Amino acid sequence: MKPYLRDKLPQKLSEIPDFTAYEAGYLVTKNAGWRNVRPEIDKEKCVGCLQCYLHCPDGVIYKDNGKVAVDYDFCKGCGICKKICKVGAIRMEAEK
Amino acid sequence: MSLNAKTLNEEEFFYGHKACAGCGGSLAVRIALKVLGERSIAVLPAGCMSAVGFNFPQLCFGNNAIISTFAGTASMLTGIEAGLRAQGITDFQAVGFAGDGGTADIGLQALSGAIDRNDDILYICYDNEAYMNTGIQKSSLTPFGAKTTTTPAGKNIRGNLRPKKNMFEIVAAHGIPYAATASVGYLNDFIKKVEKASKIRGTKYIHIIAPCPTGWGIPTDETVNIAKEVVDCGLWYLAEYENGEYILNHKPKEFSDVEEYLKKQSRFRHLTEEDIETIKRSRDLKWEALNKNFRNN
Ligand SMILES: Cc1ncc(C[n+]2csc(CCOP(=O)(O)OP(=O)(O)O)c2C)c(N)n1
Ligand code: SF4
Ligand code: SF4
Ligand code: SF4
Ligand SMILES: [Mg+2]
C-alpha cells in the first residue's frame with residue numbers, strides 16, 4: 001500500500017491511540033517545502049524508459065500513459081532523476 | 001527473467017519519509033520493499049531510516065514496520081519470524097534494514113547469533129560509511145582516510161586511520177546460505193539479489209553501499225553516480241556467497257580513477273598523494289585476493 005496524505009488529521013491527543021502501534025502509511029505532512037528546484041518532465045522527449053522512476057529515492061515519479069509524472073507533494077528536488085535521464089527530458093526549474 | 005524497472009511492483013512502501021534530498025539509504029529501502037512487497041515486515045533499528053520513517057503520527061511505511069533497539073535488528077527479526085510461524089502464518093518476509101554502525105559495530109553479535117541459528121530472515125545493511133543520524137561519527141565501516149566528526153582531518157592525522165571492516169566475508173565465514181554485496185549505483189543487480197534472497201530459506205544478508213550526500217559531502221544529485229563510481233574504481237565490488245562459494249558478479253575491465261572518486265567528496269578532500277597511493281595499493285591487494293578466491297560469473 002502506498003502511504004498517502006490523510007484528509008482528516010488528528011486534532012486532539014485523544015484522537016491518537018495511546019499505545020505505540022499505529023496505522024501503516026499514515027502521512028500528515030508534505031515534503032514539497034524542502035525543494036529549491038523542481039524537475040519538469042518534457043513529455044515530447046521522454047521515451048518512457050523508467051530509469052528516473054527507478055532511481056528516485058522518494059519514489060515520487062510514477063508511470064503515466066507510457067511516460068512519467070511527478071508527485072510534487074513529496075518531491076524534494078534532489079535532481080537524481082535529471083542526471084539519470086539519458087535523453088535529457090528532465091529540466092530542473094527554480095522554485096519561485 | 002528477473003525484475004526490472006518495467007516489471008517491478010508499482011506500489012510504493014516507503015513514501016513521504018523525511019530523509020535528506022538524494023539519500024542513498026532511502027533508495028535502497030524503497031527498492032528492496034518494492035521487490036519484497038506488502039507481506040514484508042520491516043525491522044529498523046536506531047539510525048537514519050527509522051528516524052526518517054517514523055515521525056509519529058507520520059508513518060511512511062506502507063507495510064508492517066517496527067523500530068528495534070540499536071543492537072537488536074537481527075534478534076527482533078528472529079522473534080517476528082518465530083512468532084508468525086507459531087501462529088501458522090507463512091506468507092511473509094521478515095526483513096531488517098540496519099546502518100553500517102548498527103550492523104558492523106553494535107548489531108554484530110545479534111546478527112551472528114541469527115546466522116548461527118539459521119533463522120529464516122533477510123538482513124540488509126545499508127552502508128553509508130558512518131553513524132549519520134547522530135552527526136557523522138566513524139564506524140568500523142568508515143573507509144580509510146574519511147573525515148568524520150570523530151576522525152577529523154588535521155595536521156597530524158588525516159581522517160580515519162583504519163581500513164573498512166570486511167563485513168561481507170565475516171558474514172560469509174559463518175557459512176550463511178546466502179550473502180551478497182550491492183550498490184545503489186547498480187540497482188538492477190540489487191533487485192536481482194533481493195529477489196533471489198527472498199526465495200532462499202534460512203538467513204540471508206545483503207550489504208548495499210548507499211551514499212549519504214550530507215555525510216560524504218557530495219551534491220544531492222550525485223548519489224547514484226558516486227555509488228556507481230565506487231564500484232567502477234574498484235573500491236567496492238559486487239559479489240555473492242552461496243553454497244560455500246564466492247562469486248564475483250562484475251569485473252571492471254579497467255578501473256576508473258580512484259583520485260577522481262575521492263576528490264569529489266568533501267570527506268576525502270584533505271587526502272595527500274601519499275594517502276591516495278595507500279588507498280590504491282590496498283585496492284590492488286584486495287583485487288588480487290578477489291581474482292584468486294572468487295569465481296567469475
Ligand atoms: C544503544 C544505543 N546507542 C546509541 C544510540 C544513538 N544512535 C542513534 S542512531 C545512531 C547512529 C546510527 O548509525 P548507523 O547504524 O550507521 O545508521 P545511519 O544513521 O548512518 O543510517 C546512534 C549512535 C542509540 N539509539 N542506542
Ligand atoms: S528531484 Fe529527486 S525527489 Fe524529485 S522526482 Fe527527481 S529524483 Fe525524485
Ligand atoms: S529517464 Fe527520462 S526518458 Fe526515461 S522515463 Fe524518465 S523522463 Fe522519460
Ligand atoms: S544524513 Fe545521510 S543517510 Fe541520513 S537521511 Fe540524510 S542523506 Fe540519508
Ligand atoms: Mg551509517
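Residues numbered from 1 in each chain as written. Chains lettered and ligands numbered in written order. Predicted model: local features only at pLDDT ≥ 70, side-chain atom pairs only at ≥ 80, totals over all residues. Heavy atoms only, no water.

Novice: How should I be thinking about the environment of C23 of chain B in this particular structure?
Specialist: As for its position among the elements, C23 of chain B is in the segment before α1 (24–36). Residues C23 of chain B and D221 of chain B, spaced 198 residues apart in sequence, show a C-alpha to C-alpha distance of 9.5 Å. (Helix = DSSP H or I, 4+ residues; strand = E, 2+ residues; numbered from the N terminus.)

Novice: Got a minute to help me understand the environment of Y186 of chain B in this structure?
Specialist: All names here are of chain B. Mapped onto the elements, Y186 comes out in the loop between β7 (178–183) and α7 (187–198). A relative accessible area of 17% means that Y186 is categorised as buried. The spacing of Y186 and V224 is 38 residues in sequence and 8.3 Å in space, taken between C-alpha atoms. (Buried < 20%, exposed > 50% of the residue type's maximum accessible area, 1.4 Å probe, protein only.)

Novice: I tried to follow the pattern of salt bridges on my own but got confused; where do I start?
Specialist: Pairing is possible between side chains that carry opposite charge, provided their charged atoms lie close to one another. Summed over the entire model, instances satisfying the criterion amount to 34 salt bridges over all chains. For the salt bridge of K63 of chain A with E10 of chain B, the shortest nitrogen-to-oxygen distance reads 3.5 Å. Of the two residues, K63 of chain A is situated in strand β4 (residues 61–64) and E10 of chain B in the segment before α1; the pairing between them involves two chains. The partly exposed category is assigned to K63 of chain A, whose relative accessible area is 28%. Of the charged contacts in the structure, one is a salt bridge between D120 of chain B and R201 of chain B, with a shortest N-O distance of 2.7 Å. Remark: R201 of chain B occurs in the loop between α7 and β8 (204–209) and D120 of chain B occurs in the loop between α5 (108–117) and β6 (122–127); sequence separation between them is 81 residues. What you see here is one network of salt bridges that share partners, running through R35, R38, E40 and E95 of chain A. (Salt bridge = Lys/Arg side-chain N within 4 Å of Asp/Glu carboxyl O.)

Novice: Just checking my understanding: could you explain the site of ligand 2 for this structure?
Specialist: Lining the immediate environment of ligand 2, one finds P39, C56, D58, V60, I61, C75, K76, G77, C78, G79 and C81 of chain A. Assessed atom by atom at 2 Å from the grid points, ligand 2 resides in the largest cavity. (Near = heavy atom within 4 Å. 1 Å grid on protein atoms, 1.4 Å probe; cavity = no way out; pocket = protein on both sides within 12 Å on 5 of 7 lines; lining within 4 Å. Sits in = over half its atoms within 2 Å of the grid points.)

Novice: Would you explain the packing of α1 of chain B against α7 of chain B in this entry?
Specialist: Residue and element names in this part refer to chain B. For the pair α1 and α7, interaxial distance at closest approach is 9 Å and the crossing angle is 45°. In terms of their interaxial angle, α1 and α7 are classed as oblique. Seen from above, α1 lies across α7 with right-handed handedness. Residues L27, A28, I31, A32, V35 and L36 of α1 touch α7, and the partners they reach there are L187, F190, I191, V194, E195 and S198. Residue classes in the contact of α1 with α7 are distributed as 10 nonpolar, one polar and one charged. (Axes fitted to C-alpha atoms, helices over the stretch in contact; angles between N-to-C directions. Parallel < 35°, antiparallel > 145°, perpendicular 65-115°, else oblique. Left-handed = near helix turned anticlockwise from the far one by under 90°. Contact = heavy atoms within 4.5 Å. Nonpolar A, V, L, I, M, F, W, Y, C, P; charged D, E, K, R; others polar.)

Novice: Teacher, can you tell me more about unusual backbone geometry here?
Specialist: Both trends apply: most residues other than glycine have a negative phi, and most peptide bonds are in trans. Omega for the peptide link from F56 of chain B to P57 of chain B comes to 0°, which places this bond in the cis form. By secondary structure assignment, the location of P57 of chain B is in the loop between β2 (54–55) and β3 (58–59). Despite not being glycine, N65 of chain A has its phi angle at roughly 55°, a positive value. Within the secondary structure, N65 of chain A sits in the loop between β4 and β5 (67–70). Looking at N65 of chain A, the relative accessible area reads 78%, which means it is exposed. Its identity is not glycine, yet N243 of chain B carries a phi of approximately 50°, on the positive side. Looking at N243 of chain B, the relative accessible area reads 74%, which means it is exposed.

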